[in-house]
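Given next are the chains, with one letter for each unit.
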Amino acid sequence: MATGRTHRPATRSRGIPEATVARLPLYLRALTALSERSVPTVSSEELAAAAGVNSAKLRKDFSYLGSYGTRGVGYDVEYLVYQISRELGLTQDWPVVIVGIGNLGAALANYGGFASRGFRVAALIDADPAMAGTPVAGIPVQHADELEKIVSENGVSIGVISTPAGAAQQVCDRLVAAGVTSILNFAPTVLSVPDGVDVRKVDLSIELQILAFHEQRKAGEDTSESSPETAAPPVRAVADSRKGPDGDMPAVMPA
């Protein structure tokens, strides 16, 4: 679901491709589930199926970690959990700030998976003065005027933006100026950042639109197979000149 752009080279310091890096959390999630069930070893085929990739790709990915498994035995689950966690930087504590404590921001603050995956919510920040001091997930919300001070005092390098679209770029600029070098963006807009700053964008509406496309395609195939002579012609789409609902792309209207 997370998508975005990076200004860093296509490979990292140890030569691991970005596509492999993007799959490591999938492997870690599957391995963690096996570890919780006290499964000692797993084959590449079993782990690939659990992670949703093919086994050849998994073996290639693991070769970048220096882990080839043992023929006839498979991969040691606990060792792989450690290897991948270390490669992802999850063996250390990462303080995170969440900016924008509306419904989404509050839900993120209450998400219990941060702590178990190496992330600590250091602060919650909102521009609404009425929110200041209000506890969310046991953490008092601080006013946006304190953003730079909060980032500095907590050594924050990762910021989460869950503000409305109109405020996101200004918040991003302040985070970057304060020293934040990685941003997870939930706001429905594209952020502009300088070289050396990574942005990952999470947009649920885009993911739903992609699913809607596939549902429409499947429905069209079903209609075509059952009654080809009555299948509806393809709908031509043109871009309306008006702004879209989130203001950052034109709405698509049927011709």
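This text goes with the structure placed above it.
Residues numbered from 1 in each chain as written. Predicted model: local features only at pLDDT ≥ 70, side-chain atom pairs only at ≥ 80, totals over all residues. Heavy atoms only, no water.

A. Focus on the overall build of the protein. Scanning the protein from N- to C-terminus turns up 9 helices and 12 strands. Out of the 255 residues belonging to the protein, those deemed buried represent 34%. Just so you have it, the protein exposes about 14900 Å², and 57% of that area is on carbon and sulfur atoms. (Helix = DSSP H or I, 4+ residues; strand = E, 2+ residues; numbered from the N terminus. Buried < 20%, exposed > 50% of the residue type's maximum accessible area, 1.4 Å probe, protein only. Areas by Shrake-Rupley, 256 points an atom, 1.4 Å probe, with all protein chains shown as cover.)

B. Fine view of the packing of helix H1 (residues 18-36) against helix H4 (residues 77-87). Running from amino to carboxyl end, H1 crosses H4 at an angle of 145 degrees, the nearest separation of the two axes being 9 Å. Viewed along their axes, H1 and H4 form a crossing whose handedness is left-handed. Along the contact surface, H1 presents Leu24, Tyr27, Leu28, Leu31, Thr32, Leu34 and Ser35, while H4 presents Val77, Glu78, Leu80, Val81, Ile84, Ser85 and Glu87. A breakdown of the residues in the contact of H1 with H4 according to their chemical character gives 9 nonpolar, 3 polar and 2 charged. (Axes fitted to C-alpha atoms, helices over the stretch in contact; angles between N-to-C directions. Left-handed = near helix turned anticlockwise from the far one by under 90°. Contact = heavy atoms within 4.5 Å. Nonpolar A, V, L, I, M, F, W, Y, C, P; charged D, E, K, R; others polar.)

C. Examining helix H7 (residues 147-154) more closely. Within the span of H7, buried status applies to Leu147, Ile150 and Val151. For H7, the angular spread of the buried residues around the axis is 95 degrees, confining them to a single face. The exposed residues of H7 that point more than 90 degrees off its buried face are Ser152 and Glu153. Where H7 is buried, its residues meet strand S4 (94-99), strand S5 (119-126), strand S7 (139-143) and helix H8 (165-178). Two residues or fewer past H7, Gly155 is found with a positive phi of approximately 60 degrees. (Arc of directions from axis to C-beta.)

D. Highlighting the pairing of strand S9 (residues 182-185). Here S9 shows one buried face, formed by Ile183 and Asn185, and one open face, formed by Ser182 and Leu184. Bridge count between strand S8 (residues 158-161) and S9: 4 bridges; the pairing is parallel. Across the sheet, Ile161 pairs through a bridge with Asn185, a residue of S9. Chirality of the crossover, the property in question, places the unit of S8, H8 and S9 among those that are right-handed. Both S9 and strand S10 (residues 198-202) contribute to a ladder of 4 bridges, which runs parallel. Each bridged residue has a counterpart across the sheet, and for Ile183 the counterpart in S10 is Val199. (Pairing = 2+ DSSP bridges. Right-handed = clockwise from strand over helix to strand, strands pointing away.)

E. Structural view of the packing of aromatic side chains. In this structure the tally under the stated criterion is 3 aromatic pairs. For the pair Tyr111 and Phe114, a centre-to-centre distance of 5.2 Å together with 85 degrees between the ring planes defines the contact as edge-to-face. Aromatic rings pair up to connect Tyr27, Phe62 and Tyr75 into one cluster. (Phe/Tyr/Trp six-rings, centres within 6.5 Å; stacked < 30°, edge-to-face > 60°.)

F. Structural detail: the pattern of salt bridges. Applying the stated criterion to the full structure yields 6 salt bridges. Ionic pairing is found between Arg23 and Asp61, a salt bridge with its closest N-O pair at 2.7 Å. Of this pair, Arg23 sits in helix H1 while Asp61 sits in helix H3 (residues 55-63); the two residues are 38 residues apart in sequence, bridging distant segments of the chain. In this pair, the class of Arg23 matches that of Asp61, namely buried. The partner of Lys201 in a salt bridge is Asp203, and the shortest N-O contact between them spans 3.6 Å. By relative accessible area, Asp203 is classed as buried at 10%. (Salt bridge = Lys/Arg side-chain N within 4 Å of Asp/Glu carboxyl O.)

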